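Structural features, examined
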Amino acid sequence: MQQEQYRRPEAAPSAGTPWAHGPGRPKDIPETAVILNQRIITRESLDSSVPAALKLKKRIKRFALDNELDHLPIGDIVSVALDEWLTARGF
């Protein structure tokens, strides 16, 4: 079965003031991989709502089942995504 290629939609122009670009990743913030590879990690809760149309919960469950995973480290996945997003914007 051939996999479909998906193109990311171009960012829609902002209706307001564009986001400020930060001064760069703070020097005292370690790389995500360094933190996630530690045996003991101090964690904090991050509560977020996501668009239901993306069906993220269903897709996560399907991914875990298809990959025979008992536990999917959703907090680690979110950490990587948010860290990359913030770093790309200089924060």
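Note that the coordinates shown come from a computational prediction; the quantities given were computed from them, not determined experimentally. (Residues numbered from 1 in each chain as written. Predicted model: local features only at pLDDT ≥ 70, side-chain atom pairs only at ≥ 80, totals over all residues. Heavy atoms only, no water.)

**Overview of the environment of Trp-19**
Definition in use: Helix and strand assignments come from DSSP, with helices taken as H or I runs of at least 4 residues and strands as E runs of at least 2, each series counted from the N terminus. Residues are treated as being in contact if the distance between any of their heavy atoms lies within 4.5 Å.
Checked against the element boundaries, Trp-19 lands in the segment before helix H1 (32-36). Separated by 70 residues in sequence, Trp-19 and Arg-89 have C-alpha atoms that sit 8.6 Å apart. Not counting residues up to four positions away in its chain, the partners in contact with Trp-19 are Trp-85 and Arg-89.

**Overview of the packing of aromatic side chains**
What counts is decided by this rule: Aromatic rings from Phe, Tyr and Trp, taking only the six-membered ring of Trp, are treated as a pair when their centres fall within 6.5 Å; an angle between ring planes under 30 degrees marks them as stacked, one over 60 as edge-to-face, and anything in between as tilted.
Summed over the entire model, instances satisfying the criterion amount to one aromatic pair. Ring centres of Trp-19 and Trp-85 lie 5.4 Å apart, and the angle between their planes is 80°; on these two criteria the pair is classed as edge-to-face. With Trp-19 in the segment before H1 and Trp-85 in helix H3 (residues 74-88), this pair connects stretches of sequence that are 66 residues apart.

**What about the side chain of Thr-32?**
What counts here: The buried label goes to any residue with under 20% of its type's maximum accessible area, the exposed label to any with over 50%, and the partly exposed label to all in between, with areas taken from a 1.4 Å probe on protein chains only. Polar contact is defined as a pair of N or O atoms within 3.5 Å, subject to the rule that within protein one atom must be able to donate a hydrogen and the other to accept it, and that residues adjacent in sequence are counted only when both atoms are side-chain atoms.
On the secondary structure map, Thr-32 appears in helix H1. For Thr-32, a relative accessible area of 16% corresponds to the buried category. Among the polar contacts made by the side chain of Thr-32, one reaches the side chain of Asp-83 at a distance of 2.5 Å. Leaving out residues up to four positions away in the same chain, Thr-32 has contacts with Arg-25, Ser-79, Val-80 and Asp-83.

**Some details on the side chain of Arg-25**
For Arg-25, the location among the structural elements is in the segment before H1. Using a relative accessible area of 18% as the deciding quantity, one classes Arg-25 as buried. A polar contact is formed between the side chain of Arg-25 and the side chain of Asp-83, at a distance of 3.0 Å. A polar contact of 2.6 Å, which involves the side chain of Arg-25, links it to the side chain of Thr-87. Here Arg-25 is in contact with Pro-30, Glu-31, Thr-32, Asp-83, Thr-87, Gly-90 and Phe-91, once residues within four sequence places are set aside.

**Brief notes about the pattern of salt bridges**
The cut-off we apply is this: Put simply, a salt bridge is a Lys or Arg side-chain nitrogen that is within 4 Å of an Asp or Glu carboxyl oxygen.
Inspection of every chain in the model, using the stated rule, returns four salt bridges. Salt-bridge contacts for Glu-31 lead to Arg-25; the nearest nitrogen and oxygen are separated by 3.9 Å. Where Asp-83 meets Arg-25, a salt bridge forms, and the shortest distance between an N and an O atom there is 3.0 Å. Of this pair, Asp-83 sits in helix H3 while Arg-25 is found in the segment before H1, placing the two residues 58 residues apart along the sequence.

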